[in-house]
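Examination of the molecular architecture
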Amino acid sequence: MYPPNRKDFISLTLSDPHNNTYNNAKHRRQSCWRKWKQLSRLQRSLVLFLLALLLIFGLLSYPSITEQWRGASDREDWLELNDRDMKDLPPDVKSILDQAEGKALPPVAEPHVLPAVDPDAVAGAVVEPRGPIIPILPKPPIKNKNFPNKRGPPSLHKDGNISDTVGGEKEVQEVVREEEGEEEDKEKKVVSWRGAIIEADQATEPPPSASEREAAAPPAPADPADPADTVPSEVPTVAVDRLQAVCDAFRHAWKGYKDYAWGHDELKPISRSFGEWFGLGLTLIDSLDTMWILGLKEEFAEAKDWVEKELSFDKNVDVNLFETTIRVLGGLLSTYHLTGDQLFLDKAKDLGSRLMPAFKTPSKIPFSDVNIGKGTAHPPRWTSDSTLAEVTSIQLEFRELSRLTQDPQYQEVVNEVMKLVHKLPGKQDGLVPMFINTNSGQFTHKGVFTLGARADSYYEYLLKQWIQGGKTEEDLLQDYLQAVEGVKKHLVRQSGPSKLTFVGELSHSRFNPKMDHLVCFLPGTLALGAHNGLPEDHMDLAVQLMETCHQMYRQMETGLSPEIVHFNMQASEGQDVVVKPADRHNLLRPETVESLFYMYRFTKDPKYRDWGWEILHSFNNYTKVPGGGYTSINNVRDPVNPGPRDKMESFFLGETLKYLYLLFSDDAELLSLDKYIFNTEAHVLPIWPSPPK
Ligand code: DMJ
């Protein structure tokens, strides 16, 4: 036998004779070749045949291997693009890329995964960290006659959302198959969000019978205004389902609060616990008048009992003046008006007097925080500024407290704030900056104007104080009218593709097409002004803005609006509404349904009710927590994984559900807008009777 004439073989023989290192690989190759040569012809043929078979098998499986490869490398390209080029892309495109990839979720604690079958086990569930994001295409939406443009409810799996089930393709396919098999079942089930499927008959408490409803109707209030106005009159059949749906939603929310957060500020419905802000039972007090209006007699009685026996303001706690005024003082005054029960006025008086130290500042512009036990007040730690909306949106409540107690001190301090702001330089055509200094009494951070956070309710309270006081305070009216002109001139624009009218922001003469969901209070306020004799074009603007707020819900995959949107002003086609990754959350806010309520009351156009009905439906689909409560969510663009935040804000019960109920009620005399004004937390205060002439 001769060694084959191959270079490597030759090189072996020519290797450095002084190098004694043993070359194992080469030696093995050499001995293999020798062994091959020693085989018989038959043996060689057999080996070659087996090799050929292996080759054919390998070639047959080639497409699926390359497919997997291609998938992986596509994903790598995608990730590389994000990492490498994101900084060079226009912000809106970045946002779209982020959404497609689903990577830039807001940095919040991850929710618990709820097994639907054993709710008790949930209480002990632990927080599960999010796994790597695996792109999974959701199934085509289930067609829904009522909501043709919406996608279906979240793709659900009993053990949690599939995008969190990072178990490889096989596992995902199994989940999808299981879901397909369950398609029919879904019809019979009420779907909440990820990991949660509730049997329809468990989803809501059974509707009360007619006699139960009658029994639940609250007794006629001994009201200083007109008692008849506060008692829901008979509900026509056509509206019954929607009103009942609101009552069901309220009961579900209340059940969570009662079971896991009773007497505390806020329910954390996922962890079945509570959060404390001021330790004043915020949700309970915010809900009192809603329960009264909805006719939930038993729930109201239990809550009243807590107010009577447990609620004490004699505690060493710092509270925010604005939040405590609109939610607690407003809630107590409103409940007093509806029920005529002295308990609520006594509590309101006690709280009002404890809030007064906030006004002891050099400028008479109140501090943001008060210790209601110690009687001390201070600004936030980092500044001596107060937020403009906060110091100018406590007036309705303090003024009413003075009227009821015949003690002028409350009215005097808040009127003083309005007088100061009225004559302050630094406004731009009636638009006000967002901060005011408690020492100097001057605006700070001038040149930035918004109708959103930190300024919103200033405009709302200009109009509402004017109405509350019987339309006699001319400065308030002038400030309001001037501000609306300022809004039209500087902040109202239209989007490129669909010409949606929106309210943006101004920062040192630079327009920013950003609109907070908070701004959606504006259509309602403009409509209320027009109803009270202000220019008709206010109503035209209200109609246009209402459409835009509706689109902020409708264009989202969950049917729920994000916290902030940006409008596309350049392109003539494409999306009108752009949502940045950090702005995709929804906190169960009320502003849009609030405005829908006003718009329906003044126009009777049924589309406003339908829009509100869609919103309630979306809240039920994506924010309802099995076992009780509703939660804020992280991502309104992801119906598969909306990302519960584990918090039910008190205003969901105080405002959102109340406005939905009033929107669906056919009884226009139920809290007539000619007799009542709603504070910025939806608490009801009477319009003052005109003084005798
Ligand atoms: C409420 O507390 C009030 O409506 C306030 O004026 C704005 N923020 C919340 C609701 O979004």
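Residues numbered from 1 in each chain as written. Predicted model: local features only at pLDDT ≥ 70, side-chain atom pairs only at ≥ 80, totals over all residues. Heavy atoms only, no water.

Reading across from one edge, β8-β9-β10 is the order of the 3 strands in this open sheet, with antiparallel pairing throughout. At either end of the open sheet lies a strand with only one pairing partner, and these are β8 (385-387) and β10 (443-444). Taken together, the 3 bridges between β8 and strand β9 (residues 435-437) define a ladder with antiparallel strand orientation. Bridge pairing links Thr387 to Phe435 in β9. (Pairing = 2+ DSSP bridges. Helix = DSSP H or I, 4+ residues; strand = E, 2+ residues; numbered from the N terminus.)

Here we take up the environment of Glu276. Looking at the element boundaries, Glu276 is found in the loop between β4 (273-275) and α11 (282-294). With 13 residues separating them along the chain, Glu276 and Gly263 place their C-alpha atoms 9.9 Å apart. Discounting residues that sit within four places of it in the chain, Glu276 has contacts with His264 and Asp265. At 2.6 Å, the side chain of Glu276 and the side chain of His264 are in polar contact. In this structure the side chain of Glu276 is engaged in a polar contact, spanning 2.7 Å, whose partner is the backbone nitrogen of Asp265. (Contact = heavy atoms within 4.5 Å. Polar contact = N/O pair within 3.5 Å; in protein donor to acceptor, adjacent residues only side chain to side chain.)

The next point concerns the confidence of the model for the chain. The share of residues in the chain with pLDDT of 70 or more is 68%, and the mean pLDDT across the chain is 76. Low confidence marks residues 1-28, where pLDDT is under 50. Its contacts with residues over four positions away, or in another chain, come to 12 contacts. Between residues 61-237, whose pLDDT stays under 50, and residues either more than four places distant or in other chains, the model counts 255 contacts. (pLDDT = per-residue confidence, 0-100.)

It is worth spelling out the packing of helix α18 (residues 456-468) against helix α20 (residues 522-531) at this point. The interhelical angle for the contact between α18 and α20, taken along N-to-C directions, is 30 degrees, at an axis separation of 10 Å. Taken together, α18 and α20 sit at an angle that is classed as roughly parallel. For the crossing formed where α18 meets α20, the hand is left-handed. Residue-level inspection shows Glu460, Leu463, Lys464 and Ile467 of α18 in contact with α20, the latter providing Thr525, Leu528 and Gly529. Residue composition of the contact of α18 with α20, by class: 3 nonpolar, 2 polar and 2 charged. (Axes fitted to C-alpha atoms, helices over the stretch in contact; angles between N-to-C directions. Parallel < 35°, antiparallel > 145°, perpendicular 65-115°, else oblique. Left-handed = near helix turned anticlockwise from the far one by under 90°. Nonpolar A, V, L, I, M, F, W, Y, C, P; charged D, E, K, R; others polar.)

Okay, the site of the ligand next. Taken together, Ile326, Arg327, Leu518, Arg589, Pro590, Glu591, Phe651, Glu655, Thr680 and Glu681 form the complete shell of residues around the ligand. In this structure, Arg589 approaches the ligand through a side-chain N or O atom, which is 2.6 Å from an oxygen atom. Coverage of the ligand by the protein amounts to 92% of the 290 Å² it exposes when considered alone. Of all the secondary-structure elements, those providing two or more residues to the shell around the ligand are α13 (321-339) and α24 (650-664). Class assignment for the residues of the shell around the ligand results in 4 nonpolar, 1 polar and 5 charged. (Near = heavy atom within 4 Å. Areas by Shrake-Rupley, 256 points an atom, 1.4 Å probe, with all protein chains shown as cover.)

What the rule picks out here adds up to 21 aromatic pairs. Between Trp292 and Phe300 the ring centres are 5.2 Å apart and the planes differ by 65 degrees, which places this aromatic pair in the edge-to-face class. For the residue pair Trp292 and Phe300, the accessibility class agrees, reading buried in each case. Every member of this aromatic cluster is reached through a ring pair, and the members are Phe597, Tyr598, Phe602, Tyr659 and Phe678. (Phe/Tyr/Trp six-rings, centres within 6.5 Å; stacked < 30°, edge-to-face > 60°. Buried < 20%, exposed > 50% of the residue type's maximum accessible area, 1.4 Å probe, protein only.)

Once that is clear, we can look at the side chain of His517. When you line up the elements, His517 lands in the loop between β16 (514-516) and α20. A polar contact of 2.7 Å, which involves the side chain of His517, links it to the side chain of Tyr553. A polar atom in the side chain of His517 sits 3.2 Å from the side chain of Glu591. In this view, His517 contacts Met552, Tyr553, Ser561, Pro562, Glu563, Arg589, Glu591 and Thr592; residues no more than four positions away in its chain are not counted.

This brings us to helix α19 (residues 474-491). In this model, α19 (18 residues) spans 25 Å end to end at C-alpha, consistent with the 26 Å of a helix rising 1.5 Å per residue. Within α19, burial applies to Leu476, Leu477, Asp479, Tyr480, Ala483, Val484, Gly486, Val487, His490 and Leu491. (Expected span 1.5 Å × (residues − 1).)

Another aspect to go through is the pattern of salt bridges. Going through the model one piece at a time under the given rule, you end up with 27 salt bridges. Glu681 is the partner of Arg327 in a salt bridge, and the nearest nitrogen-oxygen pair spans 3.8 Å. Of this pair, Arg327 sits in helix α13 while Glu681 sits in the loop between β19 (676-678) and β20 (684-686), placing them 354 residues apart in sequence. As far as the burial class goes, Arg327 and Glu681 line up, both buried. Via salt bridges that share partners, Glu266, Lys647 and Glu649 belong to a single interconnected network. (Salt bridge = Lys/Arg side-chain N within 4 Å of Asp/Glu carboxyl O.)

What follows is about the state of the cysteines. Here the structure, examined in full by the defined rule, presents 1 disulfide. Disulfide partner of Cys520: Cys549, at an S-S distance of 2.1 Å. When the S-S torsion is -100 degrees, as for the bridge of Cys520 with Cys549, the disulfide is left-handed. On the criterion of sequence distance, the pair formed by Cys520 in the loop between β16 and α20 and Cys549 in helix α21 (residues 536-554) is long-range, its members being 29 residues apart. Of the two residues, Cys520 and Cys549, both sit in the buried class. (Disulfide = S-S within 2.5 Å.)

Before going further, it helps to spend a moment on unusual backbone geometry. With phi around 55 degrees, Lys471 is a residue other than glycine that occupies positive phi space. Along the chain, the position of Lys471 falls in the loop between α18 and α19. In this structure Lys471 comes out as partly exposed when scored by relative accessible area, which is 39%. The backbone of Ala682 shows a phi angle near 70 degrees, a positive value even though the residue is not glycine. Looking at the element boundaries, Ala682 is found in the loop between β19 and β20.

In this section: the nonpolar core. One finds Phe359, Phe398, Leu451, Val503 and Met515 to be the most contacted residues of the largest nonpolar core, which totals 150 residues. In contact with Phe359, not counting residues within four places along its chain, are Leu321, Lys364, Pro366, Ile394, Phe398, Val413, Val414 and Val417. (Core = buried A, V, L, I, M, F, W, Y, C linked by side-chain atoms within 4.5 Å.)

A separate point is the side chain of Thr324. Residue placement: Thr324 occurs in helix α13. Leave out the neighbours within four places in its chain, and Thr324 touches Phe278, Leu280, Val319, Leu329, Leu351 and Leu355.

Once that is clear, we can look at the pairing of strand β17 (residues 564-567). Alternating positions in β17 separate into two faces, Ile564 and His566 on one and Val565 and Phe567 on the other, with burial throughout. Alignment of β16 against β17, held across 3 bridges, turns out to be antiparallel. In the sheet register, Asp516 faces β17, and the bridge partner there is Ile564. Looking at chain direction, β17 and strand β18 (residues 577-578) are connected through 2 bridges and run antiparallel. Residue Phe567 lies in a different strand from β18, and its bridge partner there is Val577.

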